[in-house]
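Given next are the chains, with one letter for each unit.
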Amino acid sequence: MTQHIADAFRFCPRCSAETKNLAASPFRCAECDFVFYFSPVAAVGGIIVNSNNELLFLVRGCDPGKGKLGLPGGFVDSGEALETSLLREVMEETSLRVTRSNYLCSFPNQYTYRGITIDVLDVFFKCEVDSFEPLTAQPGEVESFHIGRPTEEMLGRFAFESNRRAVEFFLSQE
Ligand SMILES: [Zn+2]
């Protein structure tokens, strides 16, 4: 069973009063005026391209979407800029150093972890790296990599539709 985060706020986190408007957004506590907005969390994704115009895809090593395709990336930490997050996530997942990144597109996404679904805004960048030589899969997070031109079959194997749409957008801009 999965549940949207707004449905999990049955009680006020500040005063514990039970809400009479379950899943209302924003959450407003009638007892203590506590307000919480279920705004999307920011995440970044990198379309990393080599000199042959081939793209780097990863096979996800964990859920959600274990075994399915994805792009390097992840959630933006508090206090972090998108560009900084992109460099950090790409380094963590692939050991590659992004030398140049350009904004490409963004798509809404949803992310379900341990039965709770949150809204996410995925922001995608086209990335260049100084070399593909250090390519190493982050243990537990990344199963393996695939470098190549995306095929229809591959586009059907993405864990997240937002990632597939970003690749399609990239291809439409070439
Ligand atoms: Zn309250």
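Residues numbered from 1 in each chain as written. Predicted model: local features only at pLDDT ≥ 70, side-chain atom pairs only at ≥ 80, totals over all residues. Heavy atoms only, no water.

Peer 1: Looking at this structure, I do not really get the coordination of the zinc ion. What am I missing?
Peer 2: Octahedral metals with six donors have ideal donor angles of 90 or 180 degrees. Tetrahedral metals with four donors have an ideal donor angle of 109.5 degrees. Around the zinc ion, the protein contributes the donor atoms C12 (SG), C15 (SG), C29 (SG) and C32 (SG), at 2.3 Å from the metal centre. For the zinc ion, the four donor atoms in the first shell make angles of 103 to 114° at the metal, so the coordination geometry reads as tetrahedral. In terms of primary sequence, the donors binding the zinc ion are separated according to C-x2-C-x13-C-x2-C. Taken as a pair, C12 in the loop between α1 (5-8) and β2 (27-28) and C32 in the loop between β2 and β3 (35-36) lie far apart in primary sequence, 20 residues in all. (Donors = N, O, S within 2.8 Å, 3.2 Å for Na, K, Ca; no water. Tetrahedral: all angles 85-135°; square planar, octahedral: opposite > 155°, others 65-115°. Helix = DSSP H or I, 4+ residues; strand = E, 2+ residues; numbered from the N terminus.)

Peer 1: Explain the domain arrangement of the protein chain to me, please; I cannot follow it from the model alone.
Peer 2: Domain boundaries assigned for the protein chain yield domain 1 (1-39) and domain 2 (41-173). Computed over C-alpha atoms only, the centres of domain 1 and domain 2 are separated by 32 Å. At the interface, eight residues of domain 1 touch eight residues of domain 2. The largest share of the area that domain 1 buries against domain 2 comes from Q3, H4 and I5, three residues that together contribute 58% of it. Viewed at the interface, domain 2 and domain 1 are joined by zero salt bridges. Linking domain 1 to domain 2 there are four residue pairs in polar contact (both at pLDDT 80 or more). Those elements that provide at least two residues to the side of domain 1 that touches domain 2 are β1 (3-4) and α1. Looking at the side of domain 1 that touches domain 2, its residues break down into four nonpolar, four polar and no charged. (Domains from an automatic or database assignment. Contact = heavy atoms within 4.5 Å. Buried area = accessible area lost by both parts, 1.4 Å probe. Salt bridge = Lys/Arg side-chain N within 4 Å of Asp/Glu carboxyl O. Polar contact = N/O pair within 3.5 Å; in protein donor to acceptor, adjacent residues only side chain to side chain. Nonpolar A, V, L, I, M, F, W, Y, C, P; charged D, E, K, R; others polar.)

Peer 1: Is there a simple way to explain the pattern of salt bridges in this structure?
Peer 2: Any two side chains of opposite charge can pair, on the condition that their charged atoms come close. Going through the model one piece at a time under the given rule, you end up with nine salt bridges. Among the salt bridges present, the one from R10 reaches E18, with a minimum N-O distance of 3.9 Å. With relative accessibility at 42%, the residue R10 sits in the partly exposed group. A salt bridge links R149 to E174, with the shortest nitrogen-to-oxygen separation between them at 2.8 Å. Here R149, found in the loop between β10 (142-148) and α3 (152-155), pairs with E174, found in the segment after α4 (161-173); they are 25 residues apart in sequence, far enough to count as distant. Among the residues examined, R149 registers a relative accessible area of 38% and is labelled partly exposed. Salt bridges sharing partners connect three or more residues here, namely D77, E80, R88, E89 and E92. (Buried < 20%, exposed > 50% of the residue type's maximum accessible area, 1.4 Å probe, protein only.)

Peer 1: Teacher, can you tell me more about the sheet that holds strand β6 (residues 69-70) here?
Peer 2: Across a sheet, paired strands are connected by hydrogen bonds in the backbone, their directions being either parallel or antiparallel. Taken together, three strands build an open sheet; the order of strands is β6-β5-β10 and the sheet is antiparallel. Either end of the sheet is taken by a strand with one partner, and the two such strands are β6 and β10. The pairing of strand β5 (residues 55-60) with β6 spans two bridges and is classified as antiparallel. Bridge pairing in β6 links V59 to L69. (Pairing = 2+ DSSP bridges.)

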